[in-house]
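# Structural overview
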Amino acid sequence: MSAPRQTLQLQVNGAEAEVRVGLHDSLLTVLRDQLHLTAAKRGCNQGVCGACTVVRDGYPVRACLSLAHGCTHADIETLEGLNQQAAMQALQKAFAAESAFQCGFCTPGMLITAHGLLLHNANPDADQVRAAMSGNLCRCTGYAPIVAAVLQAAAHLRTQELAP
Ligand code: FES
Ligand code: FES
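Throughout what follows, the structure given in this document is the object of discussion. As the structure is a computational prediction, the values presented were derived from the model and not from experiment. (Residues numbered from 1 in each chain as written. Chains lettered and ligands numbered in written order. Predicted model: local features only at pLDDT ≥ 70, side-chain atom pairs only at ≥ 80, totals over all residues. Heavy atoms only, no water.)

Turning to the overall build of the protein, a few remarks are in order. Looking only at helices and strands, the protein features six helices and five strands. Each helix and strand of the protein, placed in order from N terminus to C terminus, yields the pattern β-β-α-β-β-β-α-α-α-α-α. Against the globule reference of 15 Å for 164 residues, the protein gives a C-alpha radius of gyration of 16 Å, in line with a compact fold. Its C-alpha atoms give the protein principal-axis dimensions of about 55 × 35 × 20 Å. Every one of the 164 residues in the protein was classed for burial, and the buried ones make up 42%. Within the protein, contacts between residues at least 6 apart in sequence are counted, and of these 55% link residues at least 24 apart. Surface summary for the protein: the accessible area is close to 8,600 Å², and the carbon and sulfur share equals 53%. Of the charged side chains in the protein, 11 are positive and 12 negative, and the gap between their average positions amounts to 8 Å. (Helix = DSSP H or I, 4+ residues; strand = E, 2+ residues; numbered from the N terminus. Rg over C-alpha atoms; globule rule 2.2 N^0.38 Å. Buried < 20%, exposed > 50% of the residue type's maximum accessible area, 1.4 Å probe, protein only. Contact = heavy atoms within 4.5 Å. Areas by Shrake-Rupley, 256 points an atom, 1.4 Å probe, with all protein chains shown as cover. Lys, Arg positive; Asp, Glu negative; His and termini not counted. Charge placed at Lys NZ, Arg CZ, Asp CG, Glu CD.)

What follows is the structure in structure tokens.
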């Protein structure tokens, strides 16, 4: 017998989304398989790699470890919803400029985590970037270009704020 499913309302990228959810469905499953928001990636699916990172109430979280049932009162944002924000665009340009991705599988999670860092710390140093990004794994780049890209984006955004 299959597990019962319930209809829930989630707040995703500023809009109400109605989903049908089993008790054990993760937020990642609902985002990808029902709402077709596929920027968050299913990597390890056990909280290790960070590829599934999304924003919950302003902070990065692992969507694979978040039960969809627990998100009914939360404000969820995915990369699809953050793409037009200045900080996210600066990060994406900096990732391209620094060649901070190869296969790109980790990149959405990296961008979400970096975006969260810059929202709370506009002038991080390299150690702070490394610490903030330490939960996001990359098999391709060796991490140095990612750190450089986050620092470059932060510097660019500070310049923009100082511009008349
Ligand atoms: Fe969620 Fe790896 S897929 S942490
Ligand atoms: Fe391939 Fe990071 S760019 S895993």
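A separate point is the pairing of strand E1 (residues 5-12). Judged from the eight bridges that link them, E1 and strand E2 (residues 15-22) form a sheet pairing that is antiparallel. Pairing of Leu 8 across the sheet is with Val 19, part of E2. Hairpin remark: E1 followed by E2, antiparallel, with two residues in the connecting loop; positive phi at Asn 13, about 50°. Of the pairings in the sheet, the one linking E1 to strand E5 (residues 75-77) comprises two bridges and is parallel in character. Considered in E5, the bridge of Val 12 is made with Ile 76. (Pairing = 2+ DSSP bridges.)

This part takes up the sheet that holds E1. What the five strands build is an open sheet, ordered E2-E1-E5-E3-E4; its pairing is mixed. Looking along the sheet, the strands with just one partner apiece sit at the ends: E2 and strand E4 (59-62). Strand after strand, the sheet turns through a mean of 45° between neighbouring axes, direction not considered. Pairing of strand E3 (residues 53-56) with E5 involves two bridges; the strand directions are antiparallel. The residue of E5 that forms the bridge with Val 55 is Glu 77. Along the sheet, helix H4 (residues 107-120) contacts E3 and E4; its crossing angle with E3, the most-contacted strand, is approximately 35°. (Axes fitted to C-alpha atoms, helices over the stretch in contact; angles between N-to-C directions.)

Take the nonpolar core next. Formed by 28 residues in total, the largest nonpolar core has its most connected members in Leu 91, Phe 95, Met 110, Leu 118, Ile 146 and Val 150. Those elements giving two or more residues to this core turn out to be helix H2 (79-82), helix H3 (86-97), H4, helix H5 (126-133) and helix H6 (144-162). Examining the composition of this core, we find that seven residues originate from one element, H6, more than from any other. Aside from chain neighbours lying at most four places away, what touches Met 110 is Phe 95, Met 133, Asn 136, Leu 137, Cys 138, Tyr 143 and Ile 146. Listed in part, the 20 residues of the second largest apolar core include Leu 27, Leu 31, Ala 68 and Ile 76. (Core = buried A, V, L, I, M, F, W, Y, C linked by side-chain atoms within 4.5 Å.)

For the rest of this paragraph, the subject is the packing of H4 against H5. Axis angle and axis distance: for two packed helices, these are the angle between their axes and the distance between the axes, and together they describe the pair. For the pair H4 and H5, interaxial distance at closest approach is 10 Å and the crossing angle is 130°. When the interaxial angle is binned, H4 and H5 end up oblique. Where H4 crosses over H5, the two elements pack in a sense that is right-handed. Facing Met 110, Thr 113, Ala 114 and Leu 117 of H4, the residues of H5 in contact are Gln 128, Val 129, Ala 132 and Met 133. A class-by-class count of the residues in the contact of H4 with H5 yields six nonpolar, two polar and no charged. (Parallel < 35°, antiparallel > 145°, perpendicular 65-115°, else oblique. Left-handed = near helix turned anticlockwise from the far one by under 90°. Nonpolar A, V, L, I, M, F, W, Y, C, P; charged D, E, K, R; others polar.)

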